[in-house]
Amino acid sequence: MIKISFSKILLLVFIFVQQTVLQAQSTIDSILPVRGLSIAVPTPALVDSFVTFINQELAPRRVNTLILRVDYHYQYKSHPELVDSGALSLAEVKKIVNACKQHKIRIVPQVNLLGHQSWANKTGKLLTAYPQFDETPHVKMPATYKWPNPDSLYCKSYCPLHPDVHKIVFEVVDEVCNAFETDAFHAGMDEVFYLGDDKCPRCSGKDKAELFAGEVTKIRDHLARRNRQLWIWGDRLIDGRTTGIGFWEASFNNTHRAIDLIPKDVFICDWHYERPDKTPVLFAAKGLKVATCPWRTPQTAVIQTNDMVAFRQHSTPQMRQNFQGMIGTVWAPVSAFFREFYGKQPGNTSGNTFRAMFDEINKLGK
Ligand SMILES: [Zn+2]
């Protein structure tokens, strides 16, 4: 009799604990379905520490989405000419993939398409190997980079109408998605300032919103044929003048009308770092799924988290499903981020923002 009661009690305790865990999971999922971090891939030397970071910092905070900025830091077999320094092997990638699988974290690898094909005075791998894809070949890379500059050079772009560019970048996209075993890919596409250049023989005179939307659609269609979803940053889809948001985190080059031209299943990462702009409402009202992406201002990230939860609570079912969640961003290399994060450097840092944002998410999701 006592034995039976004891085993029954154990079973009841087990069921209770399991139900509590499942209930907590469904509460946080209903409050914010997407809870993420966007960060560069580590160098090979930091892969094991990165796996520890996933196990000890991401999983306990209930992070379920990891945007990994890979670019050409992977040993692509399809395009060895594009492989950059410090590139991960397939075995190193699998260590990250397995850690994420264990904690049910969805990986979204990122390779910058269209824009961000150079940084400061350094041309990126794609345009170094294939200079014919350069949208602005007449803009020479400066010996020392300064902003502002006479060419308004921030980052180079590839020409979206070059007939040979997509075969190459899509082989890269397919390989990175296969390596990371994922059903979502992030194409970047932020801060594209060089687009439809007057001197480009293919793009000159074309509508920039149509050029931008055309490239988004082409990438989306390629991914959709493989049952994968396209993610992009949102800045080119916001009217920077009318909103006063400016030319970095919104568009001054007439691309914003593309918001009505792109397919509705493109996922938008809406980044605002200093001010909690209410732009998720803009995307959600256009039928696009959106997550807010803070960087290094903890107070802003906490407001943005509460905004996102409130948007979901006070919306129609049609809009609610579009407000997807929060994704913190880290723009330093992983080594510098780890120094800051584990060194508990005070103040406005991406590490403190990540901590504050997830403290708030987990408080609201209790
Ligand atoms: Zn062009």
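Preceding this paragraph is the structure being described.
Residues numbered from 1 in each chain as written. Predicted model: local features only at pLDDT ≥ 70, side-chain atom pairs only at ≥ 80, totals over all residues. Heavy atoms only, no water.

A. Expanded view of the overall build of the chain. Broken down by element type, the chain carries 12 helices and 10 strands. Structurally, the chain occupies a C-alpha span of about 90 × 45 × 45 Å along its principal axes. The buried share of the chain, taken over its 366 residues, is 54%. Considering only contacts within the chain whose residues lie at least 6 apart along the sequence, 74% involve residues at least 24 apart. The centroid of the 43 positive side-chain charges in the chain is displaced by 6 Å from the centroid of its 36 negative side-chain charges. (Helix = DSSP H or I, 4+ residues; strand = E, 2+ residues; numbered from the N terminus. Buried < 20%, exposed > 50% of the residue type's maximum accessible area, 1.4 Å probe, protein only. Contact = heavy atoms within 4.5 Å. Lys, Arg positive; Asp, Glu negative; His and termini not counted. Charge placed at Lys NZ, Arg CZ, Asp CG, Glu CD.)

B. Inspection of the coordination of the zinc ion at higher detail. Around the zinc ion, the protein contributes the donor atoms E135 (OE), C159 (SG), C200 (SG) and C203 (SG), at 2.2 to 2.3 Å from the metal centre. Coordination at the zinc ion is tetrahedral, judged from the 4 donor atoms that bind it and the angles of 99 to 117 degrees they form at the metal. Written as a sequence motif, the donor arrangement for the zinc ion is E-x23-C-x40-C-x2-C. Placement of E135 in the loop between α4 (125-129) and α5 (165-179) and of C159 in the loop between α4 and α5 is noted, with a sequence separation of 24 residues between them. The pair E135 / C159 is uniform in exposure class, with both members buried. (Donors = N, O, S within 2.8 Å, 3.2 Å for Na, K, Ca; no water. Tetrahedral: all angles 85-135°; square planar, octahedral: opposite > 155°, others 65-115°.)

C. Representation of the packing of helix α2 (residues 47-58) against helix α11 (residues 334-342). Between α2 and α11, the shortest axis-to-axis distance is 12 Å and the interhelical angle comes to 45 degrees. Viewed along their axes, α2 and α11 adopt a mutual orientation that is oblique. The hand of the α2/α11 crossing is left-handed. Judged by residue contacts, S49, F50, F53 and E57 of α2 engage V334, F337, F338, F341 and Y342 from α11. Residue composition of the contact of α2 with α11, by class: 7 nonpolar, 1 polar and 1 charged. (Axes fitted to C-alpha atoms, helices over the stretch in contact; angles between N-to-C directions. Parallel < 35°, antiparallel > 145°, perpendicular 65-115°, else oblique. Left-handed = near helix turned anticlockwise from the far one by under 90°. Nonpolar A, V, L, I, M, F, W, Y, C, P; charged D, E, K, R; others polar.)

D. Expanded view of the sheet that holds strand β2 (residues 65-69). Within the closed barrel, the 8 strands sit side by side as β1-β2-β3-β6-β7-β8-β9-β10. Their pairing is parallel. The sheet shows a mean angle of 25 degrees between the axes of neighbouring strands, taken without regard to direction. With 4 bridges connecting them, strand β8 (residues 267-271) and strand β9 (residues 290-293) associate as parallel partners. Within β9, the residue paired with D270 across the bridge is T292. α5 contacts β3 (106-113) and β6 (184-188) of the sheet and is inclined by roughly 160 degrees relative to β3. (Pairing = 2+ DSSP bridges.)

E. Structural detail: the pairing of strand β7 (residues 229-233). The buried count for β7 comes to 4 of 5 residues, which makes it a mostly enclosed element. The pairing of β6 with β7 spans 3 bridges and is classified as parallel. By the bridge assignment, A184 is partnered in β7 with Q229. One crossover worth recording links β6 to the parallel β7 by way of helix α6 (residues 208-224), and it is right-handed. Alignment of β7 against β8, held across 3 bridges, turns out to be parallel. Considered in β8, the bridge of W233 is made with C269. (Right-handed = clockwise from strand over helix to strand, strands pointing away.)

F. Up close: the side chain of T292. Position of T292 among the secondary structure elements: in strand β9. Not counting chain neighbours up to four residues away, the residues in contact with T292 comprise D270, P280, Q304, M308, G325, M326 and I327.

G. Looking closely at a nonpolar patch on the surface. A contiguous nonpolar surface patch, about 390 Å² in accessible area, is contributed by I9, V13, F16 and V17. By secondary structure assignment, the location of I9 is in helix α1 (residues 2-31). A relative accessible area of 48% places I9 in the partly exposed class. (Patch = residues over 30% accessible without salt bridge, like charges linked within 9 Å, V, L, I, M, F, W, Y side chains within 5 Å. Areas by Shrake-Rupley, 256 points an atom, 1.4 Å probe, with all protein chains shown as cover. Salt bridge = Lys/Arg side-chain N within 4 Å of Asp/Glu carboxyl O.)

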